[in-house]
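Residue-level structural notes
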Amino acid sequence: MATRTARRQSRRVEKKRGARDRLVISLMIGVPTILVVWLVWLPAVASVALSFTKWNGFKFSSIQWVGTKNYVDIATIYPPFWPAIQHNLIWLVFLFVFPTILGVVLAVVLDREMWGSRFYQTAFYLPVVLSLALVGFIWQLFYSTDQGLINELFKGNVDWYGDPDVNLWAVLVATAWRHTGYIMLIYLAGLKGVDGSLREAAAVDGANEVKTFFNVIFPVMRPINMIVLVIVVIESLRAFDLVWIINKGRNGLELISALVSQNVIGEATRYGFGSALAVIMMVISSVFITIYLRIVFREDRR
């Protein structure tokens, strides 16, 4: 009798635990899913739908269906669009060539556990964690027309932020200052995970450090390389902050992200037109992300 009672009690406890576990799992899966759908997918779908309309953002009854007119206007009669595409491409190439290569070099040097490596890692990564306002202030000390360090050293009077011939490159240098530390940290983590026996085998075969890195270490870090490539592409497309602070993406600093903001939250408040620009930016970024995912899934199947 006592055994039956104990069994019944244990079954009741298991049922309660099972119900509680199901509730916890449902909450752990359901809440993030709802948030992702609400904050990511619904705005994305709404942007695609609004890109085919004309709307000032005030009344839903004022939404007018215009079809592909926004896209045609963007490509034909919207002057800042093609300069923005060009500037984003320049941004991509610049980030991929200069701060990425510099970040790799810094990671390789700091991976040797040299004296003070922790200090150097912190110093190079510090710009990444600084606030945008502070970054802008720091580079204003370099680029100021009247009291900037660069003009003082070279006895010049260049308007680094106002001259459309040079302001893009000035902002790219400031962006590279922030971006280099981020790339350095990613590659440094990748180098720490490389099997030391690979270096020993390369040394036994007589390979020097340069050949070891390019022929052994760098190919092993292919997943890291793909991640960095995607990060660089996304950063070049969503480049916005410094450009918007300087002149709201005008006068030589046109970028797709700045054009979206100009049309959505600017004086024009053209939600349909701005949504079309956002969809174009989303499509471009999705192409690179899709390529990255295909490569990753292909490697996992192997």
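Since we're looking at a predicted model, the values are computed, not measured.

This part takes up the pattern of salt bridges. Applying the stated rule across the entire model yields three salt bridges. For D73, the salt bridge identified is with K69, shortest N-O distance 2.7 Å. With D73 and K69 both in helix 2 (residues 69-76), this residue pair falls four residues apart, about one helical turn. Note that D111 and K192 form a salt bridge whose closest N and O atoms lie 3.5 Å from each other. One end of the pair, D111, is in the loop between helix 3 (81-110) and helix 4 (117-129); the other, K192, is in helix 7 (residues 167-192), and 81 residues separate them in sequence. By relative accessible area, D111 is classed as buried at 17%.

Here we come to the environment of G193. Mapped onto the elements of the fold, G193 is located in the loop between helix 7 and helix 8 (196-204). A residue is classified by how much of its surface remains accessible, and G193, at 63% relative accessible area, is exposed. For the pair G193 and V108, spaced 85 residues apart in the sequence, the C-alpha separation amounts to 13 Å.

In a pair of packed helices, the angle between the axes and the distance between the axes together describe the arrangement. Interhelical geometry of helix 9 (residues 209-220) versus helix 10 (residues 222-237) gives an angle of 70° and a closest axis separation of 5 Å. In terms of orientation, helix 9 lies roughly perpendicular with respect to helix 10. Each of F218, P219 and V220 in helix 9 lies in contact with helix 10, whose residues at this interface are R222, P223 and N225. Considered class by class, the residues forming the contact of helix 9 with helix 10 number four nonpolar, one polar and one charged.

Before going further, it helps to spend a moment on the nonpolar core. Within the largest apolar cluster, 56 residues are counted, with the highest numbers of intra-cluster contacts made by W91, Y187, M221 and L277. Of all the secondary structure elements, the ones that give two or more residues to this core are helix 3, helix 5 (132-143), helix 7, helix 9, helix 10, helix 11 (241-247), helix 12 (256-264) and helix 13 (271-301). The element contributing the most residues to this core is helix 7, with 12 residues. Ignoring anything within four residues of it in the chain, the contact list for Y187 reads V104, A107, F218, M221, I224, N225 and V228.

What follows concerns the side chain of T100. Its place among the elements puts T100 in helix 3. Residue contacts for T100: discarding those within four places in its chain leaves L95, H179, I183, V228 and V232.

Rules used throughout
- Residues numbered from 1 in each chain as written.
- Predicted model: local features only at pLDDT ≥ 70, side-chain atom pairs only at ≥ 80, totals over all residues.
- Heavy atoms only, no water.
- Salt bridge = Lys/Arg side-chain N within 4 Å of Asp/Glu carboxyl O.
- Helix = DSSP H or I, 4+ residues; strand = E, 2+ residues; numbered from the N terminus.
- Buried < 20%, exposed > 50% of the residue type's maximum accessible area, 1.4 Å probe, protein only.
- Axes fitted to C-alpha atoms, helices over the stretch in contact; angles between N-to-C directions.
- Parallel < 35°, antiparallel > 145°, perpendicular 65-115°, else oblique.
- Contact = heavy atoms within 4.5 Å.
- Nonpolar A, V, L, I, M, F, W, Y, C, P; charged D, E, K, R; others polar.
- Core = buried A, V, L, I, M, F, W, Y, C linked by side-chain atoms within 4.5 Å.

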